[in-house]
Amino acid sequence: MSKNTFREDEQLKETMNIKVVWRLLSYLAPHKLAVIKTMMLMMVVVAVEVMNPFLLKLAIDFFIEESYSVGLVYLGVAALTANLIAMLCSRHRVRIMAQVSNGILKNIRQKLFNHIQKLSFSFFDNRPLGKILSRIIGDVNSLKQLFNQSINNLIPDIVMLTVVVMIMLAINVRLALMSFILLPALVISMFVIQTIARKRWQKYRQKRSNLNAFIHEDYSGIRVVQSFARERHTSKTFDNLSRTSVSSFLSAMKISACFWPLVELSWGVGTIIIFWYGINLINVGDITPGDLVAFSGYIGMFWRPINNLSNFYNSLITNLAGAERIFEVMDITPDIVDCKSPKILPSIKGKVQFENVTFKYDKDGETVLKNVSFKVDVGETIALVGHTGAGKTTIVNLLTRFFDTTEGKVVVDGFNVKEVTIESLRSQMGIMTQDTFLFSGSIKENIRYGKLDATDEEIIKAAKSVYAHDFITKLKAGYDTDVNERGASLSMGQRQLIALARTLLADPKILILDEATSSIDTYTEMLVQDGLKKLLQGRTSFIIAHRLSTIRNADRIMVIDDGQIIESGNHKELMDARGKYYKLTMAQYKFLKDGA
Ligand SMILES: Nc1ncnc2c1ncn2[C@@H]1O[C@H](COP(=O)(O)OP(=O)(O)OP(=O)(O)O)[C@@H](O)[C@H]1O
């Protein structure tokens, strides 16, 4: 699968709108009580609002016409009290719903974050980090408005509309039917608009995601950008992406903006029709003037929820694209998952066996490992050497189950790695890869990452064993020195030493060091090797290194070439055999000698 870059739009699977909506609504389930409470509060508000025009009709048709001022005062006081209560209920409702909608967003974001963390390397390999961030932050935020509106307006507006329609029908059926005359045309136009708008909002979210991906990539590679003085070039790319994002937004907005004028036009025309028709009905004695005044109050209450509902519909269309993108990621199943009834790998000794392992990264891709078999005894140190791209890292990727074998099996202490839980397997392995990643925080915190409950003494001991202690204590704040994001304030070699201490602190039974000391100077490496020798005792370890002096003392050296083990033995045996290992060693020796 080719990597989706900032240059390409992410493709979404078509999902039915209604399914996405139901799925979104299911997040309301844990907040049932709060929603019911809000609805009850809203009922009070709706009842008072609906009552107001009726009180006006009473005032006009009875108290004013019959000059009964005491009744008018009572009516005024009752109306004022009812409206005050409604106002308090409304305030309380808004507060509850703010809590509910924020709770839902937190829940969705947490779920998405946890899910993405479990996804396989291929997920991360195939899309830029900026696009992933765009989903966790941008798309989840876009749901906020949707939830706020849906809870605050949707249900109350539907209730209000139903009650008002019933009252209008009760006042006068013909007048009421006249009010609904424009509705079918409005619904059809809205449907047409939404079909176009949804596509446009999807496009906008894709373009925004591309922009995020580019910003993330550019800032991550800022050293390369600046060292090649490519700032003008990247600014131009940014400008292009940003323009595309803005124009896709404007294009979507243009169509969405048709919603409100349409509703307002219908509202205006509808009101004119009612007054024209209502006056005719008064003239023939079908309704009283009070009925028409009350009706004109209800007509406002009829169109306002319709306006709100159309706003909600508009916001649903606008933000549904965000929800679709969130659910699409949630539905991706990791390539590597626990089998149906996995065993917990008991505390291992460290015996490893590869049985006829064949592997391809992609189904249709190249075969990277070809029928590889070997056995490693408890405590053995195995070195994997070979040309770039020969398949060394792939072997340890299969052992740690970052990928699954295409054929054959990988066995640890008699257990097929596919049949045990991933957590019980990986928690007994210490893996240090080429890209030494340090988290923002202090050196101490970074080393402690290997064992979260480690004491300061244990941390210092681990650092001492890899000869990191000396340079750490020379730093201004010692172990409390901040390493900045990704360890930017340290040299590559220093970062590797810290990562090495972190891996060793975890006290793994199987240790994997993939180019773990490649950036450390030869002298320090010699010291580190010395320290490692003691630490490797009793542990099975796999060491991958291009610098062959690093692995000279390994119990066994396996030479990988074109996905196969072509030589295996200790340094002396392989040198005596004068095969590939001998050639590689001599070539390196000559290179160093010529360079000296
Ligand atoms: N995630 C991946 N998806 C597809 N192909 C991959 C992936 N990782 C590695 N490969 C391919 O698999 C082959 C073996 O890669 P591997 O990383 O195992 O080599 P290596 O011997 O460790 O190389 P190096 O010494 O450069 O680290 C290479 O041809 C590489 O292009």
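Residues numbered from 1 in each chain as written. Predicted model: local features only at pLDDT ≥ 70, side-chain atom pairs only at ≥ 80, totals over all residues. Heavy atoms only, no water.

Some remarks on the site of the ligand
Part 1 of the argument: Taken together, 13 residues surround the ligand, and among them Gly-389, Lys-392, Thr-393, Thr-394 and His-546 come closest.
Part 2 of the argument: When isolated, the ligand has an accessible area of 640 Å², and the protein chains bury 63% of it.
Part 3 of the argument: Looking at the shell around the ligand element by element, the count peaks at three residues for helix α12 (residues 392-399).
Part 4 of the argument: Grouping the amino acids of the shell around the ligand by side-chain chemistry returns three nonpolar, eight polar and two charged. (Near = heavy atom within 4 Å. Areas by Shrake-Rupley, 256 points an atom, 1.4 Å probe, with all protein chains shown as cover. Helix = DSSP H or I, 4+ residues; strand = E, 2+ residues; numbered from the N terminus. Nonpolar A, V, L, I, M, F, W, Y, C, P; charged D, E, K, R; others polar.)

Quick look at unusual backbone geometry
Part 1 of the argument: Even without glycine at this site, Asn-371 takes up a positive phi of about 50 degrees.
Part 2 of the argument: Assignment of secondary structure puts Asn-371 in strand β2 (residues 367-376).

Quick word on the sheet that holds strand β1 (residues 352-360)
Part 1 of the argument: Across the sheet, four strands lie side by side as β2-β1-β4-β5; this open sheet has antiparallel pairing. A single partner strand is all that each edge strand has here, and the edge strands are β2 and β5 (415-416).
Part 2 of the argument: The sheet contact formed by β1 and β2 spans six bridges and is antiparallel. Pairing of Phe-359 across the sheet is with Leu-369, part of β2.
Part 3 of the argument: α12 contacts β1, β2 and β4 (407-412) of the sheet and is inclined by roughly 115 degrees relative to β1. (Pairing = 2+ DSSP bridges. Contact = heavy atoms within 4.5 Å. Axes fitted to C-alpha atoms, helices over the stretch in contact; angles between N-to-C directions.)

Things to note about a nonpolar patch on the surface
Part 1 of the argument: On the surface, Val-246, Phe-249, Leu-250, Met-253 and Trp-260 cluster together into a nonpolar patch covering about 410 Å² of accessible area.
Part 2 of the argument: At four residues, the largest contribution of residues to the nonpolar patch is made by helix α9 (residues 231-256).
Part 3 of the argument: Tracing the sequence through the fold places Met-253 in helix α9. (Patch = residues over 30% accessible without salt bridge, like charges linked within 9 Å, V, L, I, M, F, W, Y side chains within 5 Å. Salt bridge = Lys/Arg side-chain N within 4 Å of Asp/Glu carboxyl O.)

Focus on the packing of helix α2 (residues 32-64) against helix α3 (residues 69-118)
Part 1 of the argument: Closest axis-to-axis distance for the α2/α3 pair is 8 Å, and the angle between their directions is 160 degrees. Considering their axes alone, α2 and α3 lie roughly antiparallel with respect to each other. As α2 packs across α3, the resulting crossing turns out to be left-handed.
Part 2 of the argument: Here the residues of the contact of α2 with α3 are counted per class, giving 22 nonpolar, six polar and two charged. (Parallel < 35°, antiparallel > 145°, perpendicular 65-115°, else oblique. Left-handed = near helix turned anticlockwise from the far one by under 90°.)

Structural notes on the nonpolar core
Part 1 of the argument: Ranked by size, the top nonpolar core spans 71 residues in total, and within it Ile-108, Leu-143, Met-168 and Phe-302 carry the most contacts.
Part 2 of the argument: If you tally residues by element for this core, the top one is helix α11 (residues 289-330), at 19 residues.
Part 3 of the argument: Look past the residues within four positions of Phe-302 in its chain and what remains in contact with it is Leu-161, Val-164, Val-165, Met-168, Ser-179, Phe-180 and Leu-183. (Core = buried A, V, L, I, M, F, W, Y, C linked by side-chain atoms within 4.5 Å. Buried < 20%, exposed > 50% of the residue type's maximum accessible area, 1.4 Å probe, protein only.)

Some thoughts on the sheet that holds strand β9 (residues 556-561)
Part 1 of the argument: The strand order across the open sheet formed by six strands is β6-β7-β8-β3-β9-β10, and the pairing between neighbours is mixed. Looking at strand neighbours, the two that pair on one side only are β6 (429-432) and β10 (564-569), the edges of this open sheet. Averaged over all pairs of adjacent strands, the angle between their axes in this sheet comes to 15 degrees, without regard to strand direction.
Part 2 of the argument: Across five bridges, β9 lies against β10 in antiparallel orientation. Each bridged residue has a counterpart across the sheet, and for Met-558 the counterpart in β10 is Ser-568.

A short note on the pairing of strand β7 (residues 510-514)
Part 1 of the argument: In terms of burial, β7 is largely enclosed, as five of its five residues are buried.
Part 2 of the argument: Here β7 shows no split at all, with Ile-510, Ile-512 and Asp-514 on one side and Leu-511 and Leu-513 on the other all buried.
Part 3 of the argument: Of the pairings in the sheet, the one linking β6 to β7 comprises four bridges and is parallel in character. Note on β7: the bridge partner recorded for Ile-431 is Ile-512.
Part 4 of the argument: Alignment of β7 against strand β8 (residues 540-544), held across five bridges, turns out to be parallel. Counterpart to Ile-512 in the pairing with β8 is Phe-542.

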